[in-house]
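Now for the letters of each chain:
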Amino acid sequence: MFLDWKKHATHVKQSFAKLGKGHPKMLAGYAALESAAAAEALDAKTRELIALAVAVTTRCESCIAVHAQAAVKAGATESEVAGALATAISLNAGAAYTYSLRALEAVEDAREA
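All residue numbers refer to positions counted from 1 along the written sequence of the respective chain. With the structure being a predicted model, the display of local features is reserved for residues of pLDDT at least 70 and the display and counting of side-chain atom pairs for 80 or more, all residues being used for whole-chain, interface and lining totals. In computing side-chain values, all of the structure's heavy atoms are included and hydrogens and water are not.

Per an unreviewed UniProt entry, the recorded name for the protein chain is Carboxymuconolactone decarboxylase-like domain-containing protein, and the organism is Eikenella corrodens CC92I.

Caption draft 1: Looking closely at the packing of helix 1 (residues 5-22) against helix 2 (residues 24-38). Here helix 1 crosses helix 2 at 120 degrees, and the two axes come no closer than 5 Å. Our classification of the angle between helix 1 and helix 2 gives oblique. Counted together, Phe16, Leu19, Gly20, Lys21 and Gly22 of helix 1 and Pro24, Met26, Leu27 and Tyr30 of helix 2 form the full contact between these two elements. Looking at the contact of helix 1 with helix 2 residue by residue, the classes come out as six nonpolar, two polar and one charged. For helices, the fitted line uses only the C-alpha atoms of the stretch in contact; every axis is such a line through C-alpha atoms, and the angle between N-to-C directions lies from 0 to 180 degrees. Elements are defined by DSSP. Helices are runs of H or I of four residues or more, strands are runs of E of two residues or more, and each kind is numbered from the N terminus. Here is the rule for angles: anything less than 35 degrees is roughly parallel, anything more than 145 is roughly antiparallel, 65 through 115 is roughly perpendicular, and the remaining ranges are oblique. Two residues form a contact once any of their heavy atoms are found within 4.5 Å. Ten residues, namely Ala, Val, Leu, Ile, Met, Phe, Trp, Tyr, Cys and Pro, are considered nonpolar, four, namely Asp, Glu, Lys and Arg, are considered charged, and the remaining ones, Gly among them, are considered polar.

Caption draft 2: Representation of the layout of surface pockets within the structure. Detection works on a 1 Å grid of protein atoms alone, calling trapped sets that fit a 1.4 Å probe cavities and calling open sets with protein on both sides within 12 Å along at least five of seven lines pockets, with lining residues defined by an atom within 4 Å of a point. Grid points are joined across faces, edges and corners, and a volume is the space filled by probe spheres set on the points. Taken as a whole, the largest pocket holds about 710 Å³ of empty space. Where the lining of the largest pocket is concerned, the elements lending two or more residues are helix 1, helix 2, helix 3 (44-57) and helix 4 (61-73). Examining the composition of the lining of the largest pocket, we find that seven residues originate from one element, helix 4, more than from any other. Its residues assigned to classes, the lining of the largest pocket shows 14 nonpolar, five polar and six charged.

Caption draft 3: Broad picture of helix 3. A helix is expected to reach a length of 1.5 Å times the quantity of its residues less one. Across its 14 residues, helix 3 extends 20 Å between first and last C-alpha, which sits within 8% of the 20 Å expected from 1.5 Å per residue. Within helix 3, the full set of buried residues consists of Glu48, Leu49, Ala51, Leu52, Ala53, Ala55 and Thr57. Residues of helix 3 that are buried make contact with helix 4 and helix 5 (78-112). Pairs of N or O atoms are called polar contacts if they sit within 3.5 Å, as long as, within protein, a hydrogen donor faces a hydrogen acceptor (for residues adjacent in sequence, only side-chain-to-side-chain pairs). Where helix 3 begins, the side chain of Asp43 points an oxygen toward the backbone nitrogen of Lys45, at a separation of 3.1 Å. Residue burial is assigned from relative accessible area. The probe radius is 1.4 Å, only protein chains are included, and a residue is buried under 20% of its type maximum, exposed over 50%, and partly exposed in between.

Caption draft 4: Structural view of the nonpolar core. Residues enter a nonpolar core if they are buried and are Ala, Val, Leu, Ile, Met, Phe, Trp, Tyr or Cys, with the set joined through side-chain atoms within 4.5 Å. If you look at the biggest cluster of nonpolar residues, it comprises six residues: Leu49, Ala53, Ala71, Ala76, Ala84 and Ala88. Among the secondary structure elements, those contributing two or more residues to this core are helix 3 and helix 5.

Caption draft 5: Here's a closer look at the packing of helix 1 against helix 4. Look at helix 1 against helix 4: their axes get within 9 Å of each other, and the N-to-C directions meet at 105 degrees. As the angle between them shows, helix 1 and helix 4 are arranged roughly perpendicular. In contact with Trp5, Lys6, His8, Ala9, Val12 and Lys13 of helix 1, helix 4 contributes Glu61, Ser62, Ile64, Ala65, Val66 and Gln69.

What follows is the structure, given as structure tokens:
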């Protein structure tokens, strides 16, 4: 097992709360972003599946821990989670592909110099 995900999520939430006590305006701003996102057209399960996929693409283990719990709580099925993760994987591959094109262009520019 990579991590004890339950323990990690609990630790992240406690640490976030501790940071928020020292910086209440930052915490209020973050909470406002969360509240604004929740007010949009997507239901909680869809938001959490997207958040989980984004967490994978940004390689944020804390985000993975927290949003995995939230996705399960929102009723996400194994199939839905797998679909969200497959989307993240394909997007990362796509990003690597398009950035490879940039790298090739940079190499071509370097050869012309």
